[in-house]
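So you can see what is in the structure, the chains are spelled out below.
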Amino acid sequence: MEIITFATIKGGIGKTTLSFNYGEWLANRNKKVLLMDLDQQSSLSRTYDVTDQEGTVEEIFNVFNDDDMRKPVKIHHVNENVDLIAGTTRLDKIQSRLETRNNKNMILFQWLQQHFDDVVDHYDYMIIDCHPDIGIATTNAIVVSDAIISPVTPSKFSYDSITELGTRLDEVRNDTINFATGESFVKAQVFYVANMIKHNTGISRDFIESIHKEKESGENWIAEIPEKEIFNRSIYYQVSVSQMENLTKKSADEIDDALAIVKKYASSQKPETYKEINNIFEAITKRV
Ligand SMILES: Nc1ncnc2c1ncn2[C@@H]1O[C@H](COP(=O)(O)OP(=O)(O)OP(=O)(O)O)[C@@H](O)[C@H]1O
Ligand SMILES: [Mg+2]
């Protein structure tokens, strides 16, 4: 199983939108995907209408009870090839309780070790959506990740937060040294994706220009994602871009009434739009 975490310092940059759409895109290509919602806002869970507060990520981080007192984590089957471990609004409180705990950054690592057969061995990908900070939950995600994807938008605050993310990741690396080997548990590489790039604005153009320069000097910029209404709609309709593309290929009597409006919207999109988005996710998959 490959673990990919979407993390940023600043909020509203596209982590949830991309976790959802990229996870669904992988699933659509026959990969078995487990989504994990490590954000107390629980936007990703709500995108699947999962509001059940039993068996959420709380049970992973609830190390205060003895193991046999802990409730099992629920794995919700939310779509073909897509399962979800739901988020909880209580995650910030749990993190505060964990603050003074030894090994607080290794909780998810240990949970995955205990769930090798039913989780690690069962999925091709785990996609983790985080709260916009490097708190205990995000740190736990970083420790287990193979890759960290950090979206950046064409705004000064977003761009400036790249440096801070780098600093915080260095801290996490230093805080998670395996004393047996002297090496950090953190093995993930960080990849940046430029998100919400507008067509005709000076600021987007300048942004892309700086990215291209950084790429030349070796920074890991792996994709440029345009600002497109279809991403907003995917969250609004709770139907991913991949599913929308599938809908365009179906006849009206193959789909139920609830999806008819989505099919209408999906079919109004140019084939190039789907092609462009598929190419972007393809490029990301090749790099991470
Ligand atoms: N490429 C895009 N084109 C158009 N809209 C986008 C794009 N990416 C994200 N959005 C929109 O931007 C808004 C913020 O995105 P999202 O909720 O995914 O950010 P986030 O990083 O998860 O936020 P938070 O840090 O609060 O969890 C949403 O309305 C989403 O639909
Ligand atoms: Mg989010």
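Our structure is the block above this text.
How each quantity is defined
- Residues numbered from 1 in each chain as written.
- Chains lettered and ligands numbered in written order.
- Predicted model: local features only at pLDDT ≥ 70, side-chain atom pairs only at ≥ 80, totals over all residues.
- Heavy atoms only, no water.
- Pairing = 2+ DSSP bridges.
- Helix = DSSP H or I, 4+ residues; strand = E, 2+ residues; numbered from the N terminus.
- Axes fitted to C-alpha atoms, helices over the stretch in contact; angles between N-to-C directions.
- Core = buried A, V, L, I, M, F, W, Y, C linked by side-chain atoms within 4.5 Å.
- Buried < 20%, exposed > 50% of the residue type's maximum accessible area, 1.4 Å probe, protein only.
- Contact = heavy atoms within 4.5 Å.

Draft legend 1. Up close: the sheet that holds strand S5 (residues 125-130). The strand order across the open sheet built from eight strands is S3-S4-S2-S5-S1-S6-S9-S10, with neighbouring strands paired in mixed fashion. Only two strands of the sheet have a single partner each, and these edge strands are strand S3 (76-79) and strand S10 (221-226). Pairwise comparison of adjacent strand axes, ignoring direction, gives a mean angle of 25° for this sheet. With four bridges connecting them, strand S9 (residues 189-197) and S10 associate as parallel partners. Bridging from a neighbouring strand, Val-193 pairs with Ala-223 of S10.

Draft legend 2. Representation of the nonpolar core. In this structure, Ile-4, Tyr-22, Met-244, Ile-284 and Val-288 are the most contacted members of the largest nonpolar core, which totals 42 residues. Take this core: its biggest share by element is six residues, from helix H1 (residues 15-28). Beyond its immediate stretch of four places on either side in the chain, Met-244 contacts Ile-230, Arg-233, Ser-234, Tyr-237, Val-239, Val-262, Tyr-265, Ala-266 and Tyr-274. One finds Leu-34, Met-36, Val-73 and Met-126 within the second-largest nonpolar core, a separate group that totals 27 residues.

Remember, this is a structural readout, not a statement about activity or role.
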